[in-house]
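Given next are the chains, with one letter for each unit.
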Amino acid sequence: MQELWWTAALTTGLVGSLHCVGMCGPLAMALPIGRLPHSQRKLAIGLYHMARIIAYSGLGLFVGTIGQGLLLAGLQRPVSIGAGIFLLLWMVLKRGRLSGLSTINRASRWITQPMARFLQRPTFSAFAGLGFLNGLLPCGYISVALTGAIATGQADTGAMYMGLFGLGTVPALLTVRSLPNLFPMALRQKFALFTPLFTIAVALFLLIRGVYMPTTTDKTGQEIPVCHGATVEATR
């Protein structure tokens, strides 16, 4: 089962790459790379993306911890089903638009204002700060990924899930800076038609997992979900 989680996380990042290009691409283009010596530019870009992935992993650790608590409370199955229903409802109510899952407004100023200051400072710490804060910005595809992370039911698995999601977004964000003509607006608009289908596929995966989650029983006869393909022996 873990292999499915890793595949889903990485694929969510890859499929959401063009969505990230539209939202995070301008920031990637605005990074003050040109103000650094050539010998430092690759390291600065690496720090930016590494910090962004760390932020995603931190979010995954947080929601994964919540999911683990729900698992211990015997609620992992309804959580997985509820997460799938949540994604399906958003796709129906928003007609496939993920923008409704984003809430970049006044509440996000505590993120955007420090980012504006970091953009004026071409230092390694500024690039790391920009990446970390960028990972905390509200985003539709991050919401989709977090829905999967909480359904893992494990803190470490949730962190790994979000880390792989972030890793999946890196290729497009690297390419949009070096070869921006590869991502014209027309291509992004066409690809955006496919992303709701993938979100629906993730929702169905969560629903099927919740409905058909294997269980065992403890000594009191209560069902215990068996997650990630692990085997649990019932106490007799």
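None of these values were measured; they are calculated from a predicted model.

Scoring rules and cut-offs
Residues numbered from 1 in each chain as written. Predicted model: local features only at pLDDT ≥ 70, side-chain atom pairs only at ≥ 80, totals over all residues. Heavy atoms only, no water. Helix = DSSP H or I, 4+ residues; strand = E, 2+ residues; numbered from the N terminus. Buried < 20%, exposed > 50% of the residue type's maximum accessible area, 1.4 Å probe, protein only. Axes fitted to C-alpha atoms, helices over the stretch in contact; angles between N-to-C directions. Left-handed = near helix turned anticlockwise from the far one by under 90°. Contact = heavy atoms within 4.5 Å. Nonpolar A, V, L, I, M, F, W, Y, C, P; charged D, E, K, R; others polar. Core = buried A, V, L, I, M, F, W, Y, C linked by side-chain atoms within 4.5 Å. Expected span 1.5 Å × (residues − 1). Phe/Tyr/Trp six-rings, centres within 6.5 Å; stacked < 30°, edge-to-face > 60°. pLDDT = per-residue confidence, 0-100.

**Student:** What's the story with the overall build of the chain in this structure? I'm lost.
**Tutor:** A count of helical and extended segments in the chain gives ten helices and two strands. Starting at the N terminus and ending at the C terminus, the chain contains elements arranged as α-α-α-α-α-α-α-α-α-α-β-β. Across the 236 residues that make up the chain, the buried fraction comes to 44%.

**Student:** When you look at the packing of helix α3 (residues 38-72) against helix α6 (residues 124-136) in this model, what are you seeing that I'm missing?
**Tutor:** The packing of two helices is summarised by the inter-axis angle and the distance between the axes. In contact at an axis separation of 7 Å, α3 and α6 are set at 35° when each is read in the N-to-C sense. For the crossing formed where α3 meets α6, the hand is right-handed. Along its contact with α3, which presents Gln40, Leu43, Ala44, Leu47, Tyr48, Ala51, Arg52, Ile54, Ala55, Tyr56 and Leu59, the element α6 presents Phe124, Phe127, Ala128, Leu130, Gly131, Phe132, Asn134, Gly135 and Leu136. Its residues assigned to classes, the contact of α3 with α6 shows 15 nonpolar, four polar and one charged.

**Student:** Mind showing me how you'd approach the nonpolar core here?
**Tutor:** Soluble globular proteins tend to pack their nonpolar side chains together in the buried interior. Leu87, Tyr141, Ile142, Tyr161, Met162, Phe165 and Leu206 are the most contacted members of the largest nonpolar core, which has 23 residues in total. Counting only elements with at least two residues in this core, the list comes to α1 (2-15), α3, α4 (76-93), α7 (140-151), α8 (155-178) and α10 (195-211). Here the element with the most residues in this core is α7; it accounts for six residues. Membership of the second largest hydrophobic core comes to 15 residues, among which are Leu31, Ala44, Ile45 and Tyr48.

**Student:** How do you make sense of the side chain of His49 when you look at a structure like this?
**Tutor:** Summarising the element assignment, His49 is placed in helix α3. Not counting chain neighbours up to four residues away, the residues in contact with His49 comprise Val170, Leu173 and Leu174.

**Student:** Sorry, what's going on with the environment of Met115 here?
**Tutor:** Inspection of the secondary structure puts Met115 in helix α5 (residues 109-118). Classification of Met115 as buried rests on a relative accessible area of 6%. Setting aside its immediate chain neighbours within four residues, Met115 contacts Leu27, Leu130, Leu133, Asn134 and Leu137.

**Student:** Got a minute to help me understand α6 in this structure?
**Tutor:** The α-helix advances 3.6 residues per turn, and as a result positions three or four apart in sequence lie on the same side. Between the first and last C-alpha of α6 there are 19 Å, a value that for 13 residues agrees with the 18 Å anticipated at 1.5 Å per step. Turning to α6, its buried residues are Ala126, Phe127, Gly129, Leu130, Gly131, Leu133, Asn134 and Gly135.

**Student:** How do you make sense of α7 when you look at a structure like this?
**Tutor:** Compared with the 16 Å implied by 1.5 Å per residue over twelve residues, the 17 Å span of α7 between its first and last C-alpha is a close match. What α7 keeps buried is the set Gly140, Tyr141, Ile142, Val144, Ala145, Thr147, Gly148, Ala149 and Ala151. Immediately downstream of α7, the backbone of Gly153 shows phi near 75°, a positive value.

**Student:** Looking at this model, I keep getting lost on the packing of aromatic side chains. Mind explaining?
**Tutor:** Aromatic rings in a pair are described by how distant their centres are and how their planes are angled relative to each other. For the structure on display, the rule yields one aromatic pair. An angle of 65° between the planes, with centres 5.4 Å apart, marks the rings of Tyr56 and Phe165 as edge-to-face. Separated by 109 residues along the polypeptide, Tyr56 in helix α3 and Phe165 in helix α8 bring together distant segments of the chain. What makes Tyr56 buried here is its relative accessible area of 1%.

**Student:** Would you mind showing me how to read the confidence of the model for the chain here?
**Tutor:** Regions with low pLDDT carry predicted coordinates that are not meant to be interpreted in detail. Mean pLDDT over the chain works out to 78, with 72% of the residues at or above the 70 mark. Low pLDDT, under 50, characterises residues 100-104; the stretch is placed with 15 contacts to residues that sit more than four places away or in other chains. Across residues 229-236 the pLDDT falls below 50, and counting only partners more than four positions away or on other chains, this stretch makes nine contacts in the model.

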